[in-house]
Amino acid sequence: MKILVVDDDVGCGATLGNALQQLGHIPVIACHPEDALELLGLDVDAVVTDIDMPAMNGVQLAREIRARRADLPIAFCTGSDPSEGVAAEAAKLGPVYPKAWTLAMLRELVAALGR
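The rules behind each value
Residues numbered from 1 in each chain as written. Predicted model: local features only at pLDDT ≥ 70, side-chain atom pairs only at ≥ 80, totals over all residues. Heavy atoms only, no water. Helix = DSSP H or I, 4+ residues; strand = E, 2+ residues; numbered from the N terminus. Rg over C-alpha atoms; globule rule 2.2 N^0.38 Å. Buried < 20%, exposed > 50% of the residue type's maximum accessible area, 1.4 Å probe, protein only. Pairing = 2+ DSSP bridges. Axes fitted to C-alpha atoms, helices over the stretch in contact; angles between N-to-C directions. Parallel < 35°, antiparallel > 145°, perpendicular 65-115°, else oblique. Contact = heavy atoms within 4.5 Å. Nonpolar A, V, L, I, M, F, W, Y, C, P; charged D, E, K, R; others polar. Arc of directions from axis to C-beta. Polar contact = N/O pair within 3.5 Å; in protein donor to acceptor, adjacent residues only side chain to side chain. Core = buried A, V, L, I, M, F, W, Y, C linked by side-chain atoms within 4.5 Å. Expected span 1.5 Å × (residues − 1).

**Q** Residue-level account of the overall build of the protein, with values.
**A** The secondary structure content of the protein amounts to five helices and five strands. Each helix and strand of the protein, ordered N terminal to C terminal, gives the series β-α-β-α-β-α-β-α-β-α. Against the globule reference of 13 Å for 115 residues, the protein gives a C-alpha radius of gyration of 12 Å, in line with a compact fold. Each principal axis of the C-alpha atoms in the protein carries an extent, and together these give about 30 × 30 × 30 Å. In the protein, buried positions account for 42% of the 115 residues.

As structure tokens, then:
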């Protein structure tokens, strides 16, 4: 599965991309939501986006993605409490996972995207 990873923290995005690659997927990394929107043309199969980003948060990005590709599965990752604020809003659009993930959690995330 080709998965677009969006995270303004370059290290977090790279780490998630490496883990996805270890699980047999093809990560496409974007550090800015605007770049992510341009990369949608690469026929990505799913998106994993950070929620807390400057300029455009993950929920705003997800809404923009859905306006362009309504069928694209989106999951979120966050270092914030997933039951509060924007993270709670994100949960209405897709599964929300903590940034402190394990490979088992990452497998679950990818399975959720494939549904």
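Next, the rest of the story.
**Q** Can you lay out the pairing of strand E3 (residues 46-50) for me, pointing to particular residues and giving the numbers?
**A** If a strand is regular, its side chains alternate between the two faces of the sheet. For E3, a buried count of five out of five residues is recorded, marking the element as mostly surrounded by other parts of the structure. Side chains Ala46, Val48 and Asp50 of E3 all project onto a buried face; the interleaved residues Val47 and Thr49 project onto the opposite face, where all are buried too. Bridge count for strand E1 (residues 2-6) against E3 is four bridges, and the pairing is parallel. When the sheet's bridge partners are listed, isoleucine 3 is paired in E3 with alanine 46. Strand direction decides the pairing type here: E3 and strand E4 (residues 74-78), joined by four bridges, are parallel.

**Q** Help me get a handle on the packing of helix H1 (residues 10-22) against helix H5 (residues 103-113), residues and values and all.
**A** Between H1 and H5, the least distance of the axes is 11 Å, while the angle of their chain directions is 80 degrees. Considering the angle they form, H1 stands roughly perpendicular to H5. Here H1 contributes Leu16, Ala19, Leu20 and Gln22 to the contact with H5, which in turn contributes Leu103, Leu106 and Val110. Residue composition of the contact of H1 with H5, grouped by class: six nonpolar, one polar and no charged.

**Q** An account of helix H3 (residues 58-68) is needed here, citing residue identities and associated values.
**A** Of the residues making up H3, those classed as buried are Gly58, Val59, Leu61, Ala62 and Ile65. Taken end-on, H3 shows its buried residues confined to a sector of 155 degrees, consistent with a single buried face. Its side-chain oxygen placed 2.9 Å from the backbone nitrogen of valine 59, asparagine 57 serves as the N-cap of H3.

**Q** I'd like to hear about the nonpolar core, residue by residue, with values.
**A** Among the nonpolar cores identified, the biggest contains 21 residues, and Leu4, Val6, Leu40, Val47, Leu61 and Ile65 are the most heavily contacted of them. Only E1, strand E2 (26-30), helix H2 (33-39), H3, E4 and helix H4 (85-90) provide two or more residues apiece to this core. Ranked by the residues each element gives to this core, the list is headed by H3, at four residues. Ignoring sequence-local partners within four residues, the contact set of valine 47 consists of Leu4, Val6, Ile65, Leu72, Pro73, Ile74, Ala75 and Leu113. Val5, Ala19, Leu109 and Leu113 belong to the second largest nonpolar core, which has 15 residues in total.

**Q** Any details on H1? Residues and values, ideally.
**A** Between its first and last C-alpha atoms H1 spans 18 Å; for 13 residues at 1.5 Å apiece the expected length is 18 Å, and the two agree. If you check which residues of H1 are buried, you get Gly13, Leu16, Gly17, Ala19 and Leu20. Angularly, the buried residues of H1 cover 165 degrees about the axis, an arc narrow enough to put them on a single face. For H1, exposure combined with an orientation more than 90 degrees from the buried face picks out Val10 and Gln22. Contact partners of the buried residues in H1: E1, E2, E3 and H5. The N-capping residue of H1, defined by a side-chain oxygen 3.0 Å from the backbone nitrogen of glycine 11, is aspartate 9. Looking one or two residues beyond H1, the residue adopting positive phi is glycine 24, at roughly 95 degrees.

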